[in-house]
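Remarks on the overall topology
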Amino acid sequence: MKHVTLCILALAMLAEISAAQSVGTIRGRISDEGTMPLAGANIFIRELRIGTAADDNGGFTLLRVPAGTHQVAVSYIGYRPETVAVDVKAGQTVVLNIRMQSGVIVGEEVVVLGERLKGQAKSLSQQRSNPNITNIISSDQVGRFPDANIGDALKRVPAITVNYDQGEARFANIRGTEPRLNSVMINGERIPSAEGERRAVQVDLIPSDAVQSIEVNKAVTPDMDADAIGGSVNLITRGTPNRLRLSATLGSGYNMLSEKAMWTGSAVAGTRLLDSKLGITLSGSYHDHHLGSDNTEGIWSKDDDGNVFAEEWEVRAYDVHRIRRSVSSALDFRLDASNTLYASAMYNHRDDWENRLRLRYRLEPTDASGISQSTEIRRQVKGGINNDINDNARLEDQRAWTASLGGDHVFANLIKANWSVAWSKASEDRPNERYLGWRVRRVPVRMDLSDPKTPYPSPVDASLVTLDKYTLHELTEEHQYTEEKDFNSRLDLELPLLTAGDYKNSVKFGGRYKVKDKLRDNEFFEYEPLSGFDNLASVANADYTDDDFLAGDYRIGSFATPEFLGSLDLDNPALFEKSDVPAEYAAANFNANETVTAGYVQLNQNIGDRMHVIAGVRLEQTKVDYKGYEFNDDTEEITPTAGTSDYSNVLPGLHVKYDINENTILRFAWTNTLARPNYYDIVPYRNIAVEDEELFLGNSTLKPTTSMNFDVMAEQYFASVGIVSAGVFYKDISDFIYIYNQKGFVDPATGETYNLFQPRNGAKATLTGVEFAFQRQLDFLPGFLSRLGLYTNYTFTSSTTDNPDFGDRDLDLPGAAPHSLNASLTWQDSRFVMGVSFNYTSPYMDPDELDLTPGLERYYDKVTHLDLNASYALTPQLRIFFEANNLLDQPLRYYAGESSRTYQAEYYNRRFSAGVKFDL
């Protein structure tokens, strides 16, 4: 039987080779009038019913085209259609490069698109051509909004919400799922994370002007990585043009909180060399911003009678200097008509120099008169050493490198092959991070809770809290370092079976091999001064009270200066006694090695000339080896631990795309996806905090979270550049991960009783959503109004969780916002463009700190952002612009159970910028 099978396969291959003698291949590239690639362009030979869509670089391949002369038609939203006659010779490859001209037909007139509409056209054309449910943002479209980083751009996409830090979007939630349940990639390769405890990628690390387009896959196909329960974000770096292309941006601005200037600049250069065989693009971006925040936050608890009180309340002031740089390059080399090699690299680097002042009240429950009789008050300054690197501030140095090499080949006019190898690394280094804290104890403090949004603690007797009453509480220095390295290789092969007619099809198959290494290496030291430091009044200090403190009518008062903290010679044994404190870092350090081996097969099948089906299955096998530590706070013993996790997932998928006509599309998807546990959660660490009677455990038995997903989407595209779409999605999630908490847990290893905290798999969760989007130039309106453009989308989600630890409470899935809305209104003529954009997200449960205390669940509060931008073209190549961010002064806010009870409120104020853009 084995020999018979081999004979059949051999005969089939001979038949294919024989058939190949009468067919050829058409390969080429579609670009705009500026020679930039038009991803998603439709290429079609109508008489043969052969077609495809251009890839991210505008490239396309038509295999097994019968020899002869054929009319190749190309269409693209917002561009005039092109038809070119091509003479195909048997056994040969024809190269066809087409440059399209922008313009839409309004009545009998061809209207040329402005730069804003060109960006919108590129996004919609690629979205229309994609076989799966996606949203695309082109670099031109990103320019419509005043967004500094990739996260700020993502918040404009339907069904995406973001979490903020220091006024910029840092993490993205896709379709109601927290960042851990999604993936972020560059050119199809997942970006490693510099986060020590989770897989989430900080999207504020990458500037928005560093990419060519952003592709959000909401329903992944079998040839894509499956770790995308909500979806995957793919950042496409800038491709190579067909001729010389130069562009640059230079700008400055002002932050209303820091009252300091900010500077921005970017440049892109690309060309083709060696008789157009070699394409090269170089780009760079620089962003220098002084920012900060006014912050209040606290801890809420319940007493034995169920009364809620503030256990702690803090007033904080942050001063941050952020510099973000990005450099990228792309190369392609056309060996011949059938073979092209690609190489790309990207480097992103963000430095945050931060000083923080923190006034903390540690409160007892108040008595009948509203006084906490025994309050401890602390004043702490965070900074760094006085050197050229830290400059008296805490430095957070985050970097991400990625480099890849790949190829695109056609063999014998039969098989299309794509391959790549990629290496990437992400790191976060926080050297010489210092804290200096002072405290005064047993102070009666009146706690005004008349408005729990802004509780006001105030000492009853001011003479008890003068600076000379504060004694030294802590003087520490730590070094935190986290890195993740990622090696990735893949091979994809596509073999056409039927290349023409109503039942055209092909089979695609391939595999991927990924190796990740994760390391966290922290250290922590305490210092005891051998002389001086009698009280806070005895050291250099200053009053940092701001009469315009945005978070409330708080007076933060006096602290030791960051310059004094940075000047301390802590390693001088004549001045300080140094002590290692393993309780602060031992159980947090770990090494992890993860290997993922994946393979897939998918059938691409046409049924008639309107329906396209993708059916396939993906297998992903994961093996993880972890090394962690046990730490006993009582004995200060550190014991190495090790663990292994090994599992496989079979993930079938089905996608159906039905073209009612060229611009009206129905889509359906059934997919199965997963999310692997956070690195640190699965490390077999063990940390006993004896003084606090708490036990923290890792869980090496954690299983990946899995989800079965159903999606239905209807899309109507407008020839005048626009779309109206509506869809429904449903996710059936199993084994979601949460932090289990058990009070009175008896530790079997020690027999002691602790308050236990451990990550565990939950039971199930379901998530249902509806999303709607509309964008169009309102050219059907009369006169002045015809120059208006509207961009809007709305998403509703409803989720439930089935977990015994939640009791009988009906809790939403953490990270799932019930409502999100985006709206943007623009007006433009041939030179001037002005737009206002609005973003709203309703409250949702915080996935990072899941408090299960009834009535004190931690929620991320609603977000309402209003931004404005405008630009004016002085010449076709030169444009000036103006941007205004956060006009409503929206804070980052969390609340405890009820929206009136603040967990955290952090205000950033408004910022403005202006500059010039040059494009040749």
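Anyway, here's the lowdown on the structure attached to this text. (Residues numbered from 1 in each chain as written. Predicted model: local features only at pLDDT ≥ 70, side-chain atom pairs only at ≥ 80, totals over all residues. Heavy atoms only, no water.)

**Describing the overall build of the chain**
- In terms of regular secondary structure, the chain is built from six helices and 52 strands.
- Taking 29 Å as the expected radius of gyration for a compact globule of 920 residues, we find that the chain reaches 30 Å, a close match to that expectation.
- Taken over the C-alpha atoms alone, the chain extends approximately 95 × 75 × 55 Å along its principal axes.
- Residues counted as buried form 57% of the 920 residues belonging to the chain.
- As displayed, the chain offers around 36600 Å² of accessible surface, 55% of which is attributable to carbon and sulfur atoms.
- Separation of charge centres in the chain, based on 91 positive and 127 negative side chains, amounts to 8 Å. (Helix = DSSP H or I, 4+ residues; strand = E, 2+ residues; numbered from the N terminus. Rg over C-alpha atoms; globule rule 2.2 N^0.38 Å. Buried < 20%, exposed > 50% of the residue type's maximum accessible area, 1.4 Å probe, protein only. Areas by Shrake-Rupley, 256 points an atom, 1.4 Å probe, with all protein chains shown as cover. Lys, Arg positive; Asp, Glu negative; His and termini not counted. Charge placed at Lys NZ, Arg CZ, Asp CG, Glu CD.)

**Regarding the pattern of salt bridges**
- What the rule picks out here adds up to 66 salt bridges.
- Notably, a salt bridge pairs Arg490 with Asp492, separated by 2.3 Å at the nearest N-O pair.
- The class of Arg490 is partly exposed, set by a relative accessible area of 24%.
- Residues joined by salt bridges that share partners form a network here, namely Asp165, Glu168, Arg170, Asp204, Arg322, Arg324, Arg350, Asp352, Glu396, Glu428, Arg430 and Glu433. (Salt bridge = Lys/Arg side-chain N within 4 Å of Asp/Glu carboxyl O.)

**Looking at empty space enclosed by the protein**
- Taken as a whole and judged by the stated rule, the model has 13 cavities of 30 Å³ or more.
- Approximately 200 Å³ is the volume found for the second largest cavity.
- If you go around the second largest cavity, you meet 24 residues; those closest to its centre are Ile186, Ile191, Pro192, Ala400 and Ala426.
- With five residues, the single largest contributor to the lining of the second largest cavity is strand 23 (residues 394–411).
- Among the residues making up the lining of the second largest cavity, the classes are represented as twelve nonpolar, seven polar and five charged. (1 Å grid on protein atoms, 1.4 Å probe; cavity = no way out; pocket = protein on both sides within 12 Å on 5 of 7 lines; lining within 4 Å. Points joined across faces, edges and corners; volume = space filled by probe spheres on them. Nonpolar A, V, L, I, M, F, W, Y, C, P; charged D, E, K, R; others polar.)

**With respect to the nonpolar core**
- Counting residues in each nonpolar core, the largest one holds 72 residues, and the members touching the most others are Leu154, Ile214, Leu235, Ile377 and Leu436.
- Per-element tally for this core: the top contributor is strand 24 (residues 415–448), with six residues.
- Setting aside its immediate chain neighbours within four residues, Leu235 contacts Ile150, Val184, Met185, Ile186, Asn187, Ile191, Ile206, Val211, Ser213 and Ile214.
- Residues Ala54, Tyr76, Met100 and Ile665 belong to the second largest nonpolar core, which totals 30 residues. (Core = buried A, V, L, I, M, F, W, Y, C linked by side-chain atoms within 4.5 Å. Contact = heavy atoms within 4.5 Å.)

**Things to note about unusual backbone geometry**
- Here the phi dihedral of Asn187 falls at roughly 50 degrees; this positive angle occurs in a residue that is not glycine.
- The topology assignment puts Asn187 in the loop between strand 13 (183–186) and strand 14 (189–190).
- A relative accessible area of 27% places Asn187 in the partly exposed class.
- Positive phi, normally seen in glycine, also occurs at Asp735, with a value near 60 degrees.
- Mapped onto the fold, Asp735 is located in the loop between strand 39 (722–734) and strand 40 (737–746).
- We classify Asp735 as buried; its relative accessible area is 18%.

**What to know about the pairing of strand 10 (residues 134–138)**
- Among the five residues that make up strand 10, five are buried, leaving the element largely enclosed by the rest of the structure.
- Side chains Thr134, Ile136 and Ser138 project from strand 10 onto one buried face, and the interleaved Asn135 and Ile137 project onto a second face that is buried too.
- Where strand 10 lies against strand 15 (residues 213–217), five bridges are found, and the strand directions are antiparallel. The residue bridging Asn135 from the neighbouring strand is Val216, located in strand 15. (Pairing = 2+ DSSP bridges.)

**Considering the environment of Val184**
- Here Val184 is to be found in strand 13.
- A residue is classified by how much of its surface remains accessible, and Val184, at 13% relative accessible area, is buried.
- Separated by 138 residues in sequence, Val184 and Arg46 have C-alpha atoms that sit 37 Å apart.

**Examining the side chain of Lys508**
- For Lys508, the location among the structural elements is in strand 27 (residues 505–520).
- The class of Lys508 is buried, set by a relative accessible area of 18%.
- For Lys508, the side chain forms a polar contact with the side chain of Asp223, separated by 2.8 Å.
- In contact with Lys508, not counting residues within four places along its chain, are Asp223, Asp492, Leu493, Glu494, Tyr600, Val601, Gln602 and Asn604. (Polar contact = N/O pair within 3.5 Å; in protein donor to acceptor, adjacent residues only side chain to side chain.)

**A closer look at the packing of aromatic side chains**
- All chains considered together, the criterion is met by 19 aromatic pairs.
- Here Phe696 and Phe757 contribute two aromatic rings whose centre-to-centre distance is 5.2 Å and whose plane-to-plane angle is 15 degrees, an arrangement assigned as stacked. Taken together, the positions of Phe696 in strand 37 (residues 694–697) and Phe757 in strand 41 (residues 753–761) put the pair 61 residues apart, joining distant regions of the chain.
- Its relative accessible area of 23% is what places Phe757 among the partly exposed residues.
- Ring centres of Phe882 and Phe912 lie 6.4 Å apart, and the angle between their planes is 20 degrees; on these two criteria the pair is classed as stacked. Of this pair, Phe882 sits in strand 49 (residues 878–885) while Phe912 is found in strand 52 (residues 911–919), placing the two residues 30 residues apart along the sequence.
- Classification of Phe912 as partly exposed rests on a relative accessible area of 27%.
- Taking the ring centre of Phe559 as reference, the NZ or CZ of Arg379 above it sits at 5.3 Å.
- One residue, Arg901, lies across the ring of Trp300, its end atom 5.8 Å from the ring centre. (Phe/Tyr/Trp six-rings, centres within 6.5 Å; stacked < 30°, edge-to-face > 60°. Lys NZ or Arg CZ within 6 Å of the ring centre and 35° of its normal.)

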